[in-house]
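Residue strings, one per chain:
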Amino acid sequence: MQNSNKYDAIVIGAGMSGGWSAKELCERGLKTLLVERGRDVKHIKDYPTTNLKPWEFEYRGEISRAEKEANPSIARCYAYREDNKHFFVKDMEHPYIQDEEFDWIRGYQVGGKSLMWARQTQRWSDFDFEGPLRDGFAVDWPIRYKDLAPWYSYVEKFAGISGNKDGLDTLPDGEFLPALDLNCVEKHFQSSLKRNYSDRHLIYGRCAHITEQREIFRQQGRGLCLNRTECERGCPFGGYFNANSTTIPWAAKTGNLTLRPNAILLSIIYSDKENKAIGVRVIDSESKEITEYFAKLIFLNAGALNTLLIMLNSTSERFPNGIGNDNGALGKYVAFHNYRSRINAICEDFGDRKSVGKRPTSGYIPRFRNVYRQETGFLRGYAAGFSAARYSQRTKDGIGQELKEHLFAPSELGPWVVNSHMMGETVPKATNRVYLDPQKTDEWGMPLLHISVKYDDNDERMIRDFQDQFTDMFEKAGFVDIKVSDDHRAPGLDIHEMGGARMGNDPNTSILNRWHQVHSCKNIIVTDGACMTSTSTQNPSLTYMAMAARAANHAVDELEKGAIL
Amino acid sequence: MERRKALKGLAALAAGLTLLPGCRDKLQIEVRANKKLELNDAQSTWIEAISEAILPKDDVVFTTYESFSKYISKMVTFRNSEEAQVAFINGYNSCTRDISIIYETRTSKIKPQQIISYFERILGDQEPLLNTSPEEMKVQKDILFFCHQVRKMSIEHLTTSREYQEQVLEYKLVPGSYISCTKA
Ligand SMILES: Cc1cc2nc3c(=O)[nH]c(=O)nc-3n(C[C@H](O)[C@H](O)[C@H](O)COP(=O)(O)OP(=O)(O)OC[C@H]3O[C@@H](n4cnc5c(N)ncnc54)[C@H](O)[C@@H]3O)c2cc1C
Ligand code: SF4
């Protein structure tokens, strides 16, 4: 064992959740190695397009047809554009096997997907944590809202989350910076919901943007969000939260962090003699040299499915089917969010009003179906985004002088267009799973991951309910020309893949305990989406961050007490 | 009847052109896909003339912008399928010849108004010619595709330019505060 390869803790994956693990461990004084398979991306310096204007892009923001054909999954992601394509993993460079169609959207670099995320951040409530127990699916969550609430607050204050205190039991309030306003049509819809329903609310979407300067953000070197809405390129002001601007530099400031980019974690080393994980095996992505690193604590934050890949690939005499996989549940009960359906319409009122400028988020309608009781023919429910906007229009008719005059004529404002998209909970099932290919490997020797995940009848019924309920809600608000659609997208494009190493009280049916420790190997801690017992409807990253902070602090407490060793 | 004759001729020429790239005149583009269009001076000048007729930019000052022929030469390959790239080039070749035949003059002598009339006819003409052979139909389809594309790209070339974005669309990288509701 080489001394230079010894740390107190190793964190695998320098993205949204790994940044938090590293920050907490370093702040608690642990010498921490942060292993990241992708390149380093330094805040601001490595955002090459951040200040480019639309006309400065060679292809005006488009992706070439050839590139789309070669990478069909990322090409379907709304955020994949010329200005930020360098942050997305190309399908072809990192293959996986789709037993069922699955668009796996990944970001392999320091910062992970926190660079490109849409920054929507909602807390879970006990309606979410109690869901599996009440509705009889999956296993009971071993934690409740009260366990996570202080950690939500802790994370929100550091990351900077804007929002209103809405006082809803389905979506607990947090430590918010001021929210931006809803526009007049959104407010109109908000009051229409209030008038017509007791359980449906439109709120301003809570999001990870700094709308008011605070001392903590100054210390982080981050400034106010100036509403550019070019966040997915990386923000030069640090206006939105990502790991690159916030958690990783904070961890580095402690002097306890060693960041090791271009290092792919192959497997965790388990010692049968010591009955615990003792380190990790890493391959350099360029030189392909294999190195072993050793530590007392190992945190898995590689992004749900990659964490499962690593765990399944970590075999030993004690764990022949993957580390912690005594019950065969590892890789199973994967779930995601159902984003298939949208609805849009026209609002003919408010023709004398408009909004000016941009804002980085929009409205949010928390889940209202099956919350207090089972009231539909499907399990669980959906949340929805909502926004209204007016667009400037110019006719492009004619040829010659006539066309030119049209293009230079003052624009006219079109009608208010309103739209909503569903964010449905899917119910985890053993048949929705990932597993390793017994033969095929990638160029670094990692087995290829099979993804076998699909929708079921419950999802289909939920889509129809979303369409019916929102049509009703839109009609009550007086919207016209209502159109519903189902784009039949494959799972994955929601970019909220979860589960596969679920938490639970019973080691016979779950992989992780209430502190995110592997039941049968307590010094491995999983705090990315792989730990999720169920998915509820909220965008999940805020929950991963709070879980990562909670679990890291608990692990250090245990280490200090000598309980983990 | 005259139109049919012209199309027949164009269909024959189009076939010959695909087979014998060496035998083309300097305005004709060799038909090949998945390579950036390399336009010679004559082709660039002619394409600029078409675009300028469709969307005159004579009094618009472009300070930082690439020419239309440069724009088109990269975008055609960049965004289109192989089939569409070939259709575009075939459409251009046939359109170039068609215009020359119709106005009985070299393209360098064709006036903007004549290009406009030609485009108006092609883009406005919904009725397919009766009794046309598959080859003639194809020529018509390719010309129509070219005319649509070149018009669309002329508009894009203008509307994505710095001048248009800043002066007409009032683009600002940092747009300032968001005002949720104000008088329209
Ligand atoms: C366009 C887009 C919009 C989104 N919008 C939202 C939103 O509004 N709200 C929300 O909550 N979520 C959103 N998400 C999802 C969000 O980004 C993820 O939930 C979050 O990043 C997950 O955090 P993570 O740490 O698990 O994974 P990541 O942030 O992806 O980080 C995982 C890291 O692990 C590294 N890694 C993987 N395998 C290995 C290995 N073998 N060895 C070493 N390193 C490895 C990866 O390179 C990566 O850097 C969005 C995502 C995208 C792409
Ligand atoms: S919207 Fe805010 S966070 Fe996003 S790029 Fe603009 S200033 Fe930065």
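Once a new chain begins, its residue numbering starts again from 1 and follows that chain's sequence as written. Chains carry letters from A onward and ligands carry numbers from 1 onward, assigned in written order. Only residues with pLDDT of 70 or above have their local features reported here, since the model is predicted, and side-chain atom pairs are shown and tallied only from 80 upward, although totals for entire chains, interfaces and linings are computed over all residues. Excluded from the side-chain calculations are hydrogens and water; all other atoms, namely the structure's heavy atoms, are used.

1. Concerning the interface of chain A and chain B
By convention, interface size is frequently given as the accessible area that disappears when the constituent parts associate. The interface is formed by 43 residues belonging to chain A together with 44 residues belonging to chain B. Throughout, buried area stands for the accessible area (probe radius 1.4 Å) lost by two parts on being put together, summed over both. Interface of chain A and chain B: buried area, both sides summed, is about 3900 Å²; carbon and sulfur atoms make up 63% of it. The term salt bridge refers to a side-chain nitrogen of Lys or Arg lying within 4 Å of a carboxyl oxygen of Asp or Glu. Taken together, the connections running from chain A to chain B amount to 3 salt bridges. Linking K74(B) and E58(A) is a salt bridge whose minimum nitrogen-to-oxygen distance equals 3.3 Å. Any pair of N or O atoms that falls within 3.5 Å is considered a polar contact. Within protein, one atom must be able to donate a hydrogen and the other to accept it, and sequence-neighbouring residues count only if both atoms are side-chain atoms. Where chain A packs against chain B, one counts 13 residue pairs in polar contact (both at pLDDT 80 or more). In terms of residue count, helix α11 (residues 401–408) of chain A provides more of the side of chain A that touches chain B than any other element does, 5 residues in total. In terms of residue class, the side of chain A that touches chain B is made up of 15 nonpolar, 10 polar and 18 charged. Contact criterion: two residues are considered in contact whenever any of their non-hydrogen atoms come within 4.5 Å of each other. Working definition: helices are DSSP H or I runs of at least four residues, strands are E runs of at least two. Numbering for both runs from the N terminus. Following the grouping adopted for this structure description, the nonpolar residues are Ala, Val, Leu, Ile, Met, Phe, Trp, Tyr, Cys and Pro, the charged ones are Asp, Glu, Lys and Arg, and the polar ones are all others, Gly among them.

2. Quick word on the site of ligand 2
Put simply, a residue is near a molecule or strand once any heavy atom of it comes within 4 Å of that molecule or strand. Surrounding ligand 2, one finds H209(A), C225(A), L226(A), N227(A), R228(A), T229(A), E230(A), C231(A), C235(A), F237(A), G239(A) and Y240(A). Of the residues belonging to the shell around ligand 2, the class tally is 6 nonpolar, 4 polar and 2 charged.

3. Focus on the site of ligand 1
Residues and elements named next belong to chain A. Lining the immediate surroundings of ligand 1 are 38 residues, of which S17, E36, A118, L265 and S541 lie closest. A distance of 3.1 Å separates a nitrogen atom of ligand 1 from a polar atom in the backbone of R37. The separation between an oxygen atom of ligand 1 and a polar main-chain atom of S541 is 2.9 Å. All accessibility values rest on the Shrake-Rupley procedure with a 1.4 Å probe; residue burial counts only the protein chains present in the view. Compared with its free state, where it exposes 990 Å², ligand 1 has 97% of that area covered by protein.

4. Structural notes on the domain arrangement of chain A
Residues and elements named next belong to chain A. Looking at the assigned domains, one finds that chain A contains domain 1 (1–53 + 62–162 + 236–336 + 429–454 + 495–565) and domain 2 (168–205 + 339–425 + 456–490). Annotation comment: domain bounds sourced from an automatic or database domain assignment. Look at where the C-alpha atoms of domain 1 and domain 2 centre, and you get two points 32 Å apart. Listed by partner, the interface residues are 32 residues for domain 1 and 32 residues for domain 2. Carbon and sulfur atoms supply 50% of the area that domain 1 and domain 2 bury against each other, a total of about 2500 Å² over both sides. Taken as a group, F127, S162 and T537 account for 27% of the area that domain 1 buries against domain 2, more than any other trio of residues on that side. Run the count over domain 1 and domain 2 and you get 2 salt bridges. One salt bridge in this structure joins R380 and D135, with 2.8 Å as the shortest N-O distance. The interface formed by domain 1 and domain 2 holds 13 residue pairs in polar contact (both at pLDDT 80 or more) in total. Elements represented by at least two residues in the side of domain 1 that touches domain 2 include exactly α4 (126–129), α5 (131–135), α6 (145–159) and β4 (161–162). Per element, the largest residue contribution to the side of domain 1 that touches domain 2 is 4 residues, and it comes from α6. Here the side of domain 1 that touches domain 2 is composed, by residue class, of 7 nonpolar, 14 polar and 11 charged.

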